[in-house]
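# Coordinate inspection notes
Each chain is listed here by its residues.
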Amino acid sequence: MNILVIGQGGREHAIAWKLQKSEKVTQVFVAPGNGGTELEARCTNVDISSDDFPMIKSFIEENSIELVVVGPEDPLVNGIKDYLSDSNVLVFGPDAKGAQLEGSKIYSKEFLFKNNIPTGKAAFFSSSNKALAHLEKSNFPIVLKADGLAAGKGVLVANELEEAKNWVNEVMEGSKFGVAGKNIIIEECLFGTELSFMGILTPDFFIPFETSIDYKPLHEGNKGLNTGGMGCMSPSPFMNKDLKNNILETVVKPTISGLKNKGINYYGFMYFGLMVKDNISKVLEFNCRLGDPETQCLMMQMESDLLDAILQALNGEEPKITWKTGSTMGVVIASGGYPNSYKNKVPINIGTLKNGKLFHAGTKSMDDKLVTNGGRVFSLNYSSDSIDDCKRYIYDNIGEVNFDGMTFRTDIGEIYES
Ligand code: AMP
Ligand code: GLY
């Protein structure tokens, strides 16, 4: 079977790496891919951007692609599944209506309220004056969210009034996030421990993946600017049976019935972003994709075949996914300056990495040399019986990767209760 993976991050490298291990695979094409996807056996990069739907469609038809797996949220929210509906190809990912759960934070909040799914209280605003007046009578900290997609940057946890007012002015009056910030949410701040709960969602069932946590802040001790994720660990040390049951009952079940009531036939990955306190979970966000860098850990933890699971789910059969015992950890290696501005096209040297897996994210080959091409450049992952082993291996070997300005957190694997 020929498969097309859409995207170019570390998540897509991990998905392509896992898919190409399947016996059923002839070739995994990745559009556009990165400097790592092209090195995998049976993987080929295709120079098509993930938003170029006409080119993607022609490629599918000309290369007998039977399955498309969509990595990032943008093509899903922009309707790639709908666009390909008259091509003879299976698409793993929701249609545009299903992807609105991530594409519009107001839509998803209304969905949460309507289906009695636990989440923070919130109010919606399309006028900055009304938003500012609301802030004047609010308690702090408070959470501000742009309604639309803002490349993971559309949320501010504001500790004081001035900061919140500046954000409202920049986002609603200025054009910090363009139309994505025309409408905003002002939301109750939730406290506890964050948990990424991901899996495969269909109209009839949800198959949870192993749990994971990511380390969002830039610096050690979970300090500094929020990033897309500087490291990850799976399973999450915070999961237990009661909590899992609580999530399945109070979050997953009503999500499935809520989608059914809306007539949405969702087939794809689903990532519930949760805040957990006293074994009770509340939803922070829905994502219609897998997390990055969590996927890099999850694909290494997954023992069974990912392609089988996807094909079964698309066929309405509940896949049985098995997981390795032990843990996987990953440390992200980023460009200096990330998550703010950073240099691209910085030459990279990679020494000898004997074990573990180096997933590429912001890399590409230029004149046969590997250079940086993004903020998060790699994640170095390792699986073992213990997290201590993972830490030892990764931090003993991370110096094999070298480029000017590279930076990483030295405390991934530590457990921070919030
Ligand atoms: P979101 O894109 O909605 O997940 O928000 C990004 C990050 O902002 C989350 O991973 C949390 O760290 C934080 N966040 C979002 N909503 C809340 C909330 N209601 N209370 C506290 N933190 C939040
Ligand atoms: N690691 C967080 C995300 O993918 O949204």
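What comes next is a walk through the structure. Worth saying up front: this structure is predicted, and the values here are computed from it rather than measured. (Residues numbered from 1 in each chain as written. Chains lettered and ligands numbered in written order. Predicted model: local features only at pLDDT ≥ 70, side-chain atom pairs only at ≥ 80, totals over all residues. Heavy atoms only, no water.)

### Some details on the state of the cysteines
Here is the rule we go by: Disulfides are defined in this document as cysteine sulfur pairs within 2.5 Å. Accessibility here uses a 1.4 Å probe with only protein chains present; expressed as a share of the type maximum, an area under 20% marks a residue as buried, one over 50% as exposed, and anything in between as partly exposed.
Under the defined criterion, the tally for this structure stands at zero disulfides. Free cysteine Cys-43: the closest other cysteine sulfur is in Cys-297, separated by 19 Å. Assessed through its relative accessible area of 7%, Cys-43 is described here as buried.

### Brief notes about the nonpolar core
The line we're drawing: Buried Ala, Val, Leu, Ile, Met, Phe, Trp, Tyr and Cys residues that are joined via side-chain atoms within 4.5 Å together make up what is termed a nonpolar core.
In terms of nonpolar packing, the biggest core is built from 44 residues, with Leu-4, Val-68, Ile-247, Phe-272 and Leu-274 touching the most fellow members. Residues Val-25, Phe-209, Met-299 and Ile-310 belong to the second largest nonpolar core, which totals 36 residues.

### Regarding helix 2 (residues 53-62)
Put simply, the rule is: The way it works is that DSSP assigns letters per residue, a run of H or I at least four long becomes a helix, a run of E at least two long becomes a strand, and they are numbered from the N terminus. Regarding the arc, it is the one traced by the directions from the helix axis to the C-beta atoms. Any two residues having at least one pair of non-hydrogen atoms within 4.5 Å are treated as being in contact.
For helix 2, the full list of buried residues reads Phe-53, Ile-56, Lys-57, Phe-59 and Ile-60. Seen along its axis, helix 2 keeps its buried residues to an arc of 165°; they face one direction. Facing away from the buried side of helix 2 by more than 90 degrees, the exposed set consists of Glu-61 and Glu-62. The inward-facing, buried residues of helix 2 abut strand 1 (2-7), strand 2 (27-32), strand 4 (65-70), helix 3 (73-77) and helix 4 (80-83).

### Details of the sheet that holds strand 9 (residues 184-188)
Put simply, the rule reads: In this description, strands pair whenever DSSP reports at least two bridges between them. In this analysis, axes come from line fits to C-alpha atoms, helices being fitted only over the stretch in contact, and the angle between any two N-to-C directions falls in the range 0 to 180 degrees.
If you trace the four strands from one edge of the open sheet to the other, you get 6-9-7-8, paired in antiparallel fashion. The sheet is open, and its two borders are formed by strand 6 (122-125) and strand 8 (155-158), each paired with just one other strand. If you compare each strand with its neighbour and ignore which way they point, the axes differ by 20° on average. Bridge count between strand 7 (residues 142-146) and strand 9: five bridges; the pairing is antiparallel. The residue of strand 9 that forms the bridge with Val-143 is Glu-187. Here helix 6 (residues 105-114) sits on the sheet and contacts strand 6, strand 7, strand 8 and strand 9; the angle it forms with strand 6, its principal contact strand, is near 145°.

### Thoughts on the packing of aromatic side chains
Which entries qualify depends on this criterion: Centres within 6.5 Å make a pair out of two Phe, Tyr or Trp rings, where for Trp the six-membered ring is used; the pair is then stacked when the planes are under 30 degrees apart, edge-to-face when over 60, and tilted otherwise.
Tallied over the full model, the rule gives 14 aromatic pairs. Between Phe-29 and Phe-59 the ring centres are 5.1 Å apart and the planes differ by 75°, which places this aromatic pair in the edge-to-face class. Taken together, the residues Phe-29 in strand 2 and Phe-59 in helix 2 connect sequence positions 30 residues apart. Note on Phe-29: relative accessible area 13%, which makes it buried. Centroid distance Phe-206 to Phe-272: 5.3 Å. Interplanar angle 75°. Geometry classified as edge-to-face.

### What about the side chain of Thr-372?
In this structure, Thr-372 sits in strand 22 (residues 369-372). The residues touching Thr-372, leaving out its near neighbours within four places in the chain, are Ser-335, Lys-343, Asn-344, Lys-345, Val-346, Ile-348, Gly-362, Val-377 and Phe-403.

### Points about the environment of Ile-6
On the secondary structure map, Ile-6 appears in strand 1. Taking the C-alpha atoms as reference points, Ile-6 and Val-68, separated by 62 residues in sequence, lie 7.4 Å from one another. Those residues in contact with Ile-6, other than ones at most four positions away along the chain, are Glu-12, Ala-31, Ser-50, Ile-56, Val-68, Val-69, Val-70, Gly-71, Pro-72, Pro-75 and Ile-80.

### A closer look at the site of ligand 2
Heads up, the condition is: Being near a molecule or strand, for a residue, comes down to having at least one heavy atom within 4 Å of it. Side-chain atoms alone can form a polar contact between residues adjacent in sequence; in general such a contact is a pair of N or O atoms within 3.5 Å, and within protein one must be able to donate a hydrogen while the other accepts it. Each accessible area is a Shrake-Rupley estimate made with a 1.4 Å probe; only the visible protein chains count as cover when residues are assessed.
Asp-214, Gly-228, Tyr-271, Arg-289, Gly-291, Asp-292, Pro-293 and Glu-294 make up every residue found near ligand 2. Backbone polar atom of Asp-292 to a nitrogen atom of ligand 2: 2.9 Å apart, as the coordinates give it. Glu-294 places a side-chain nitrogen or oxygen 2.9 Å from a nitrogen atom of ligand 2. A total of 200 Å² of accessible area belongs to ligand 2 in isolation, and the protein chains cover 88% of it.

### Thoughts on the site of ligand 1
Glu-187, Glu-188, Leu-190, Glu-194 and Glu-285 are the nearest of the 13 residues found near ligand 1. Leu-190 has a polar backbone atom sitting 2.8 Å from a nitrogen atom of ligand 1. Within the side chain of Lys-216, a nitrogen or oxygen atom sits 3.0 Å from an oxygen atom of ligand 1. Within the complex, 89% of the 470 Å² of free accessible area of ligand 1 lies under protein.

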